[in-house]
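Below, each chain spelled out in residue letters.
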Amino acid sequence: MEFPKLKNKLILAPMAEVTSLPFRLLCRNYGASMTYTEQLSALAITRDSAKTLDMAETNSTDSPVGLQLFGRNPDILLKAAKKLYKPFDVIDINMGCPSKKIVKEGYGSALLKEKDRIKKIISILSKNIPRPITVKMRSGFKKVEALELIEIMENAGCSAITIHARTQEQGYSGKSDWELIRKVKEKSSIPIIGNGDVVDPISAKQILKQTKCDYIMIGRAARNNPWIFKQINTYFKTGKIIEQTFKEKLNLFQTYLNQGETNFKLLRMRALDFTKGLPDSHNLRNTLSRAKNIQEINSILKK
Ligand SMILES: Cc1cc2nc3c(=O)[nH]c(=O)nc-3n(C[C@H](O)[C@H](O)[C@H](O)COP(=O)(O)O)c2cc1C
């Protein structure tokens with residue numbers, strides 16, 4: 001099945017403890033053309049974990065949207081996807097997460113070491129789930145193997161690949177290897193979503209120019225400032241780099257709250273993210289980190 005045609009080049013990256021439904025809606029308001037849930041445990045879904053099922057919440061405004069699953073057993077991944085696929089446009093399999101906890105269980109980027117398993121997972125899902133099956137990967141586990149891996153994925157029925165071009169071993173050190181993304185794009189016949197280190201309009205233009213990737217996925221820069229989607233889209237349309245006013249930056253939190261976020265832990269983390277880099281924000285962020293409820297956050301931000 002084909003990956004959806006998106007209305008612009010910019011996709012919000014899946015991020016654990018960030019990309020809840022309200023955060024995804026916030027990013028769409030600023031111009032993200034597609035979003036993903038954070039990685040959800042296929043096993044927990046099959047066990048009806050209320051917390052995990054909650055994190056799979058979506059609605060008709062949140063479209064197109066991908067459900068991202070992590071797991072390693074093809075049957076469990078299939079069972080989880082069968083249960084939840086209906087409101088989603090794409091089912092994405094996490095083959096990129098580098099965290100020790102995930103890798104230890106053989107999930108996330110650890111799958112990049114298991115070519116047969118990759119093949120089994122993608123083929124069982126693409127044969128049995130009426131949605132495009134996609135993969136989000138790193139360039140390899142210890143060594144760079146993306147060019148070999150994408151061929152396996154594509155042949156198994158994968159509809160698009162997002163590549164964050166660092167190995168598991170690199171974590172977040174060094175730079176995402178955009179030259180590798182270029183080679184991946186050159187070799188593949190499905191949409192390639194380039195990821196890693198897009199932080200502003202100039203880097204967004206550069207990754208598209210250098211790699212010819214079909215779409216760009218933005219993670220950390222969007223977590224800190226969802227307004228970046230507006231800035232990049234405006235630059236692509238007009239060639240002008242608009243600047244965010246102080247008021248616009250402070251308003252991010254209220255706009256996020258207005259999307260219906262009720263999870264206090266997420267609200268406080270985003271209040272801290274959105275105020276990064278504001279002039280003299282040290283005291284403000286210190287007080288925010290101790291806030292106990294939404295009213296406190298609001299009164300701190302209004303001062
Ligand atoms: C807080 C955080 C949580 C993340 N959670 C996920 C996740 O659930 N699934 C996933 O595929 N990638 C996850 N990532 C990786 C991002 O999707 C992205 O690939 C990475 O941050 C590189 O892009 P960037 O340079 O634009 O941030 C996470 C990243 C961050 C910073």
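Here the structure is a predicted model, which is why all the values come from computation and not from measurement.

### Some points on the site of the ligand
Thought 1: Taken together, 18 residues sit near the ligand, with Gln68, Lys136, Asn195, Asp197 and Arg220 positioned nearest.
Thought 2: Within the contact set of the ligand, an oxygen atom lies 3.0 Å away from a backbone nitrogen or oxygen of Gln39.
Thought 3: Gln68 places a polar side-chain atom, nitrogen or oxygen, 2.7 Å from a nitrogen atom of the ligand.
Thought 4: Here the ligand, which alone exposes 600 Å², has 88% of that area covered by the protein.
Thought 5: Here the residues of the shell around the ligand are counted per class, giving six nonpolar, seven polar and five charged.

### Description of the domain arrangement of the protein chain
Thought 1: The domain boundaries assigned to the protein chain delineate domain 1 (10-238) and domain 2 (246-302).
Thought 2: Just the C-alpha atoms count here: the centres of domain 1 and domain 2 sit 27 Å apart.
Thought 3: With 15 residues of domain 1 in contact, the opposing surface of domain 2 contributes 15 residues.
Thought 4: Carbon and sulfur atoms supply 55% of the area buried between domain 1 and domain 2, which totals about 1,300 Å² over both sides.
Thought 5: When the area that domain 1 buries against domain 2 is broken down by residue, the three leading residues are Glu17, Pro22 and Asn224, summing to 38%.
Thought 6: Where domain 1 touches domain 2, the interface holds four residue pairs in polar contact (both at pLDDT 80 or more).
Thought 7: Mapped onto the side of domain 1 that touches domain 2, the elements with two or more residues apiece are α1 (21-29) and α10 (220-224).
Thought 8: Sort the elements by how many residues they give to the side of domain 1 that touches domain 2 and α1 lands first, with five residues.

Scoring rules and cut-offs
Residues numbered from 1 in each chain as written. Predicted model: local features only at pLDDT ≥ 70, side-chain atom pairs only at ≥ 80, totals over all residues. Heavy atoms only, no water. Near = heavy atom within 4 Å. Polar contact = N/O pair within 3.5 Å; in protein donor to acceptor, adjacent residues only side chain to side chain. Areas by Shrake-Rupley, 256 points an atom, 1.4 Å probe, with all protein chains shown as cover. Nonpolar A, V, L, I, M, F, W, Y, C, P; charged D, E, K, R; others polar. Domains from an automatic or database assignment. Contact = heavy atoms within 4.5 Å. Buried area = accessible area lost by both parts, 1.4 Å probe. Helix = DSSP H or I, 4+ residues; strand = E, 2+ residues; numbered from the N terminus.

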